[in-house]
Amino acid sequence: MEGLDLEEQLLGIARERYPEAAFTRGDMTEFYLGRHFDAVTCLFSAIGYVRTEDGLRRTIANFARHLRPGGVAVVEPWLSPDGFVPGMMPRLDVSESAGLTVARMVHTEREGDLSAIVFVHMVGYPGGIDHWEDRHLLGLFTHQQMLDAFAAAGLEVVEHDPHGLIGRGLYVARRPESDAPG
């Protein structure tokens, strides 16, 4: 097992939790690990962070480059342009424990072919309140754009579950057995 992320802080947490695994800092559009795997996974809609169709194609091609013949890529997409509704997720999550109150408000906006997810965080404690805002931009890709990216990378989509793990879908694509790793 090997993991990849751009954020060193997240890699640190992963290394603590799974010391037996290797973790590399890198961008999914261009990483090269020098190894081939039976499976490459990209879950929790992380593929949306590549933002553009070109980024999507480069990423899927990079996944294919890391697969052994017969290996599979499992990708959980973000929302499609038709499935994204601005303002669809305004909600407040609150948790209280041991003198702390943590709140997160979420709001969504659309910027062309991108979705903007705005998170406002607040942490209340006996000494005051801290707050900050995170803005995430994710690409909105159609089902056809996803299929085309897999095909361009030489991968065959063997299963598409429109619901997937958490309601956003799931693609399972296979590298042909006859392919030599690239």
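Look up a bit, the structure's there.
Computed from a predicted structure; not experimentally measured. (Residues numbered from 1 in each chain as written. Predicted model: local features only at pLDDT ≥ 70, side-chain atom pairs only at ≥ 80, totals over all residues. Heavy atoms only, no water.)

1. Some thoughts on the overall build of the protein chain
Part 1 of the argument: For the protein chain, the count of helices and strands is three helices and 10 strands.
Part 2 of the argument: Along the protein chain, from the amino end to the carboxyl end, the secondary structure elements read β-α-β-β-α-β-β-β-β-β-α-β-β.
Part 3 of the argument: The proportion of buried residues among the 182 residues of the protein chain is 36%.
Part 4 of the argument: Partitioning the intrachain contacts of the protein chain with sequence separation of at least 6 by distance along the chain shows that 53% fall at a separation of at least 24.
Part 5 of the argument: Seen as two clouds, the 16 positive and the 27 negative side-chain charges of the protein chain have centres 3 Å apart. (Helix = DSSP H or I, 4+ residues; strand = E, 2+ residues; numbered from the N terminus. Buried < 20%, exposed > 50% of the residue type's maximum accessible area, 1.4 Å probe, protein only. Contact = heavy atoms within 4.5 Å. Lys, Arg positive; Asp, Glu negative; His and termini not counted. Charge placed at Lys NZ, Arg CZ, Asp CG, Glu CD.)

2. A few points about the sheet that holds strand β6 (residues 100-111)
Part 1 of the argument: With respect to topology, four strands assemble into an open sheet ordered β5-β6-β7-β8, the strand pairing being antiparallel. Of all the strands in the sheet, the pair left with one neighbour each is β5 (91-97) and β8 (128-139). Strand-to-strand twist in this sheet, taken as the mean axis angle between neighbours without regard to direction, amounts to 15°.
Part 2 of the argument: In terms of strand pairing, strand β7 (residues 114-125) meets β8 through 12 bridges, oriented antiparallel. Looking across to β8, one finds that Met122 is bridged to His131. (Pairing = 2+ DSSP bridges. Axes fitted to C-alpha atoms, helices over the stretch in contact; angles between N-to-C directions.)

3. Some points on helix α2 (residues 53-65)
Part 1 of the argument: Under the 1.5 Å per step criterion, the end-to-end length of α2 is 18 Å for 13 residues, consistent within 8% with the ideal 18 Å.
Part 2 of the argument: By the burial criterion, the buried members of α2 are Gly55, Leu56, Thr59, Ile60, Asn62, Phe63 and Ala64.
Part 3 of the argument: On its buried face, α2 sits against β3 (37-42), β4 (67-75) and α3 (143-152). (Expected span 1.5 Å × (residues − 1).)

4. Here's the deal with α3
Part 1 of the argument: For α3, the set of buried residues is Gln145, Met146, Ala149 and Phe150. The buried side chains of α3 occupy one side of the element, clustering within an arc of 135° when seen end-on. With respect to the buried face of α3, the exposed residues turned more than 90 degrees away are Ala151 and Ala152.
Part 2 of the argument: Remark: Gly154 follows α3 within two positions and exhibits a positive phi of approximately 80°. (Arc of directions from axis to C-beta.)

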